[in-house]
Amino acid sequence: MFKIRIPQASDYNEINHLFHSKENMHLADNDSIIEEDFYKESLSETTSKWFIIEKSGEVLAFIFFTIDTDSKGIKVKKFTINNTYRKKGLNEHLYKKLEQVASQNDLVYMQVEISPDYLDVIDFFTRKGWIKENNCYVKYIK
């Protein structure tokens, strides 16, 4: 059974391993690793949000985004799913958490930068109503 939760500091190695895999370089953020200090600090910041999906204690997917309180928006920084579990609906569960946080915080838009090589990821976001603006995909909520 899949479980969605907020990660702990002890989840760092699994999250970093998952993110570092070649098939997960679809967001325009070209980082090859998530720095451990950054990860641990971001867990306690109110403007940073992480959610993971696990099965039997193994991290299978995660999303990391920041909330810009000035512009009232969310910026998706990392959205990663283990290749074995793609097309199993995990992206939908993480996406619902993203929308939930946007709604709870009365935000007006969500934004993500996607590498143009990943048409399936672009298709996922455009099916959700995101539009391309400049080098980003954006969804206006209000």
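These figures come from a predicted structure and were not determined experimentally.

With that settled, the discussion passes to helix 3 (residues 90–104). Taking 1.5 Å per residue, 15 residues should reach 21 Å; helix 3 reaches 21 Å between its end C-alpha atoms and fits that length. Asp106, located one to two residues past helix 3, shows a positive phi value of around 55 degrees.

Strand order in the open sheet formed by seven strands is 1-2-3-4-5-7-6, with mixed pairing between adjacent strands. This sheet does not close on itself; its edge strands, each paired only once, are strand 1 (2–5) and strand 6 (131–133). Going across the sheet, the axis of each strand differs from the next one's by a mean of 25 degrees, ignoring polarity. Here strand 6 runs beside strand 7 (residues 136–140); their pairing, made up of three bridges, is antiparallel. Opposite Lys132, over in strand 7, you have Tyr137 as the bridge partner. Sheet contacts for helix 1 (residues 12–20): strand 2 (48–55), strand 3 (58–68) and strand 4 (73–81); angle to strand 3, the most-contacted strand, approximately 90 degrees. Across the sheet, helix 2 (residues 36–44) touches strand 2 and strand 3, and the angle it forms with strand 2 is around 105 degrees.

Here we come to the pairing of strand 7. Taking burial as the measure, the five residues of strand 7 include four buried ones, the bulk of the element. As paired strands, strand 5 (residues 109–112) and strand 7 are joined by four bridges and run antiparallel to one another. Across the sheet, Tyr109 pairs through a bridge with Tyr140, a residue of strand 7. Here strand 6 folds back onto strand 7, and the loop between the two strands holds two residues, one of which, Asn134, carries a positive phi near 55 degrees.

Across soluble globular proteins, nonpolar side chains show a tendency to be buried alongside one another. Grouped together as the largest cluster of nonpolar side chains are 28 residues, with contacts concentrated most on Ile74, Val76, Leu98, Phe125 and Trp130. Looking at this core, the elements with two or more residues in it are strand 2, strand 3, strand 4, helix 3, strand 5 and helix 4 (119–127). A total of six residues in this core trace back to one element, the largest contributor, which is helix 3. Ile74 has contacts with Phe65, Thr66, Ile67, Leu98, Val101, Ala102, Leu107, Tyr109, Met110 and Gln111, leaving out every residue within four places of it along the chain. Core analysis: the next-biggest nonpolar cluster, separate from the first, contains 11 residues, Trp50, Ile52, Val59 and Phe64 among them.

Turning our eyes to something else, we now look at the pattern of salt bridges. In total, this model carries seven salt bridges according to the counting rule given. When the shortest N-O distance is used, the salt bridge between Arg5 and Glu54 registers 2.8 Å. With Arg5 in strand 1 and Glu54 in strand 2, this pair connects stretches of sequence that are 49 residues apart. Residue Arg5 shares its accessibility class with Glu54, and that shared class is buried. With a shortest N-O distance of 2.6 Å, Lys128 and Glu92 are connected by a salt bridge.

What counts, and where the lines are drawn
Residues numbered from 1 in each chain as written. Predicted model: local features only at pLDDT ≥ 70, side-chain atom pairs only at ≥ 80, totals over all residues. Heavy atoms only, no water. Helix = DSSP H or I, 4+ residues; strand = E, 2+ residues; numbered from the N terminus. Expected span 1.5 Å × (residues − 1). Pairing = 2+ DSSP bridges. Axes fitted to C-alpha atoms, helices over the stretch in contact; angles between N-to-C directions. Contact = heavy atoms within 4.5 Å. Buried < 20%, exposed > 50% of the residue type's maximum accessible area, 1.4 Å probe, protein only. Core = buried A, V, L, I, M, F, W, Y, C linked by side-chain atoms within 4.5 Å. Salt bridge = Lys/Arg side-chain N within 4 Å of Asp/Glu carboxyl O.

Honestly, that's just the spatial picture; any functional story needs more than this.
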